[in-house]
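Fold and contact review
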Amino acid sequence: MSLTAPRDNAVPGSRGTPPPRTPGQRKRALGLDRGAWFLLMPALIPILILSVVPLLYGLSLAFTDSQAGRTAPTQFIGLDNFLDLRHDSLFWESFRIGLVWAVSVTALQFVLGLGLALLLNQNLRFRWLARTLALVPWAMPEVVVGIMWRLVYHSDAGILNKTLGQLGIIHENVDWLADLSYALPAVIVVGVWAGMPQTTVVLLAGLQNVPIELREAAQLDGAGMWRRFTAVTWPAVKPVVIAITALNFIWNFNSFGLVYVLTQGGPGGQTRLPMLFAYEEAFKYGQFGYAAAMGLAMVAVIAVLLTLFLRKKLKEDVEAAA
């Protein structure tokens, strides 16, 4: 004999079926409650005015001939800015430098951040102090970081030249930020130092979510340190790794303040990232429409690269799960 009543005989409001919803309840379930929208308006209005509207205006400039100091009205020129951009060798050279910068900084941030996160995840004395000190570079403004490292790299009074000279590694001072061979590597070091803490924090949070029972079980089965990492730790933190790597690549490619304070794109354009190039076109030469087209082109290319990267990672995960 069945202990439950047939569905046809269920009473509205009983456990068998939910009670019918009123039109107001259906609207609230769909997120259409006017009261909720009214409460959100104080937060949405500043976002619309300060973020969405300037973004849409900047995108519209990419299809115009907007210039600083021009008396004639701005005209719609369609894709002319993008056609000119195809043949701008200086822009594509800056784009290449930006990719070198973004890939190098992102890769080094991940490797060093993962190593530091693994270390801080151990049961060490004064671990709380080490975790606090690891966040110091992240808490410093980019301008302060740039000025500090300019002093470190100073050719005459910099601590780097002095230390390397005392160790006998160099015999004359090196102008790290003005030398064509050393400028980009020197800036990459600063980018890694400034951005590594946030990578460390995110990876440390992922490591702390790995069940300790799994690691202990693998250790009891005789798995070594590397085997425990590859079989237990890495699969658990891989989604976090993919997320922070993609975000770091976007942030690093769009870097502006740090490199601007360090080199302003010099020497000879060796550190002129795409954002610096677009900034110069807009605010140094007054080509607002052309600079907006650069920004839109960069967004499109980076979106394609990230899509390919994420699709590859998702495909690998599906194949591994199968």
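Residues numbered from 1 in each chain as written. Predicted model: local features only at pLDDT ≥ 70, side-chain atom pairs only at ≥ 80, totals over all residues. Heavy atoms only, no water.

**Focus on the overall build of the protein chain**
The test is simple: Note on conventions: DSSP H or I runs of at least 4 residues are helices, E runs of at least 2 residues are strands, and numbering of each starts at the N terminus. Any two residues having at least one pair of non-hydrogen atoms within 4.5 Å are treated as being in contact. Note on areas: these come from Shrake-Rupley sampling with a 1.4 Å probe, and a residue is covered only by the protein chains present in the view.
Of the regular secondary structure elements, the protein chain holds 14 helices and zero strands. Helices (α) and strands (β) of the protein chain occur, in sequence order from the N terminus, as α-α-α-α-α-α-α-α-α-α-α-α-α-α. Long-range contacts, defined as pairs at least 24 residues apart, comprise 64% of the intrachain contacts of the protein chain with a sequence gap of at least 6. Only carbon and sulfur atoms are counted for the fraction: they give 66% of the accessible area of the protein chain, which is about 20,800 Å².

**Re helix 4 (residues 89-120)**
Filter applied, for reference: Between the first and last residue of a helix there are one fewer steps than residues, each counted as 1.5 Å, and that sum is the expected span. Two N or O atoms count as a polar contact when they lie within 3.5 Å, although within protein this holds only if one can serve as hydrogen donor and the other as acceptor, and sequence-adjacent residues are included solely when both atoms are side-chain atoms.
Spanning 32 residues, helix 4 covers 45 Å between terminal C-alpha atoms, matching the ideal 46 Å at 1.5 Å per step. You can read the cap of helix 4 off the contacts: a side-chain oxygen lies 3.2 Å from the backbone nitrogen of L90, and it is on D88.

**Quick look at a nonpolar patch on the surface**
Stated formally: Note on patches: the residues involved have over 30% relative accessible area and no salt bridge, like charges join within 9 Å, and the nonpolar side chains Val, Leu, Ile, Met, Phe, Trp and Tyr join within 5 Å. Note on definitions: salt bridges are taken to be side-chain nitrogens of Lys or Arg within 4 Å of carboxyl oxygens of Asp or Glu. A simple rule labels every residue: compare its accessible area, found with a 1.4 Å probe on the protein chains alone, to the largest value its type can have, and call it buried under 20%, exposed over 50%, or partly exposed in between.
There is a patch of nonpolar side chains on the surface, built from M41, I45, I47, L48, I49, L50, V52, L55, L56 and L59 and spanning about 900 Å² of accessible area. The topology assignment puts I47 in helix 2 (residues 34-61). On the basis of relative accessibility, which here comes to 45%, the residue I47 falls in the partly exposed class.

**What to know about unusual backbone geometry**
Following G266, the chain continues into P267 via a peptide bond in cis, with omega recorded as -5°. Note that P267 resides in the loop between helix 12 (257-262) and helix 13 (274-283). Located in the positive-phi region is Q264, a residue other than glycine, with phi close to 55°. Along the chain, the position of Q264 falls in the loop between helix 12 and helix 13.

**Quick notes on the nonpolar core**
Put simply, the rule is: Throughout, nonpolar core names a set of buried Ala, Val, Leu, Ile, Met, Phe, Trp, Tyr and Cys residues whose side chains join them through atoms within 4.5 Å.
Formed by 38 residues in total, the largest nonpolar core has its most connected members in F91, W101, Y153, V190, L262 and M294. Elements with a contribution of two residues or more to this core: helix 4, helix 7 (142-152), helix 9 (183-208), helix 11 (225-253), helix 12, helix 13 and helix 14 (288-321). The biggest single contributor to this core is helix 9, with seven residues. Excluding residues that lie within four positions of it along the chain, F91 makes contacts with L85, F277, M294 and M298. If you look at the next biggest cluster of nonpolar residues, it comprises 16 residues, including A117, V232, V237 and V241.

**Brief notes about the pattern of salt bridges**
Under the definition given, this model contains two salt bridges. With a closest N to O distance of 2.6 Å, R96 and E93 form a salt bridge. Of this pair, R96 and E93 both sit in helix 4, separated by three residues, roughly a single helical turn. When its relative accessible area of 43% is taken as the criterion, R96 is described as partly exposed. On the accessibility criterion, E93 (35% relative accessible area) is partly exposed.

**As for the packing of aromatic side chains**
The condition is simple: A pair of aromatic rings is counted whenever rings of Phe, Tyr or Trp (Trp by its six-membered ring) have centres within 6.5 Å, and the orientation is called stacked for planes under 30 degrees apart, edge-to-face for over 60 and tilted otherwise.
Taken as a whole and assessed by the stated rule, the structure comprises 18 aromatic pairs. Seen in terms of ring centroids, F91 and W92 are 5.0 Å apart; in terms of plane orientation they differ by 70°. Their pairing is edge-to-face. Both rings, one in F283 and one in F288, keep their centres 6.3 Å apart while their planes meet at 65°; by these two values the pair is edge-to-face. Here the aromatic residues F91, W92, F95, F249, F253 and F277 are joined through ring pairs into a cluster of three or more.

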